[in-house]
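Coordinate inspection notes
Residues per chain, in single letters:
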Amino acid sequence: NAGVMQNPRHLVRRRGQEARLRCSPMKGHSHVYWYRQLPEEGLKFMVYLQKENIIDESGMPKERFSAEFPKEGPSILRIQQVVRGDSAAYFCASSPPSRSGDEQYFGPGTRLTVT
Amino acid sequence: GENVEQHPSTLSVQEGDSAVIKCTYSDSASNYFPWYKQELGKRPQLIIDIRSNVGEKKDQRIAVTLNKTAKHFSLHITETQPEDSAVYFCAARDNYGQNFVFGPGTRLSVLP
């Protein structure tokens, strides 16, 4: 049973480019969460999605950031026109439908560097 | 919405001693409380969790206690070892929104 998968593991972008981060949840998990983490800091919640639905995006910046979790395929976190301040580790986590359990597991993260 | 506080922010203990990290939550509807360990450069790893219908849970050297009335829960690590050094995060999940709210983290250092 593969865990939560994220790719790429490392991503370098120049200012103004777009960054696409992918997350494949664990098998049987239908809930996906994205977090951002700066060095030496905590986990900052960004967005919580279920298949084809954004449940809570209260942590997402209003501009340049978007997320989706289509019926087929991985969840995508998209950052347009990246700036140096977007450099961080982005973690995805998944959990099963609430009737099946609560455990949330994290992927290995994508480390985004904006030059 | 839910708010989770965590104390202390840093904790140093001698190898073999016990470590205790405490979290408080605000929403009485929260019913699931996991703890994560994050080593440097790694992902957060779920180490233990507790549900609101249980007061205590133990797994080898780690245990979690929950006081629903006071709305706080604690992580206890006994016989600490250097490999326990990491940042520990608590979280709370409510039964309605089903989102997780994390505490700010505790950096634990176990000194040999």
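A short tour of the structure in this document, coming up.

The rules behind each value
Residues numbered from 1 in each chain as written. Chains lettered and ligands numbered in written order. Predicted model: local features only at pLDDT ≥ 70, side-chain atom pairs only at ≥ 80, totals over all residues. Heavy atoms only, no water. Helix = DSSP H or I, 4+ residues; strand = E, 2+ residues; numbered from the N terminus. Rg over C-alpha atoms; globule rule 2.2 N^0.38 Å. Buried < 20%, exposed > 50% of the residue type's maximum accessible area, 1.4 Å probe, protein only. Contact = heavy atoms within 4.5 Å. Areas by Shrake-Rupley, 256 points an atom, 1.4 Å probe, with all protein chains shown as cover. Phe/Tyr/Trp six-rings, centres within 6.5 Å; stacked < 30°, edge-to-face > 60°.

Observations concerning the overall build of chain B
Of the regular secondary structure elements, chain B holds 0 helices and 11 strands. Going from N to C terminus, chain B has its helices and strands arranged as β-β-β-β-β-β-β-β-β-β-β. For chain B, whose C-alpha radius of gyration is 13 Å, the value lies close to the compact-globule estimate of 13 Å for 112 residues. Taken along the three principal axes of its C-alpha coordinates, chain B extends 45 × 30 × 20 Å. By residue count, 44% of the 112 residues in chain B fall in the buried class. A separation of at least 24 residues holds for 54% of the contacts in chain B among residues at least 6 apart in sequence. Roughly 5500 Å² of accessible area belongs to chain B as shown, and the carbon and sulfur atoms make up 46% of that amount.

Here we look at the packing of aromatic side chains
Counting across every chain of the model gives 14 aromatic pairs over all chains. On the basis of an interplanar angle of 80° and a centroid distance of 5.3 Å, the ring pair of Tyr35(A) and Phe102(B) is categorised as edge-to-face. Of the two residues, Tyr35(A) sits in strand β4 (residues 31-37) while Phe102(B) sits in strand β10 (residues 100-102), which places them in two different chains. Neither Tyr35(A) nor Phe102(B) differs from the other in exposure class; each is buried. Taking the centre distance of 5.6 Å and the plane angle of 70° together, the rings of Trp35(B) and Phe73(B) count as edge-to-face. Within this pair, whereas Trp35(B) is found in strand β4 (residues 30-38), its partner Phe73(B) is found in strand β8 (residues 72-77), the two being separated by 38 residues in sequence.

In short, the description is geometric, and any link to function would need to be established separately.
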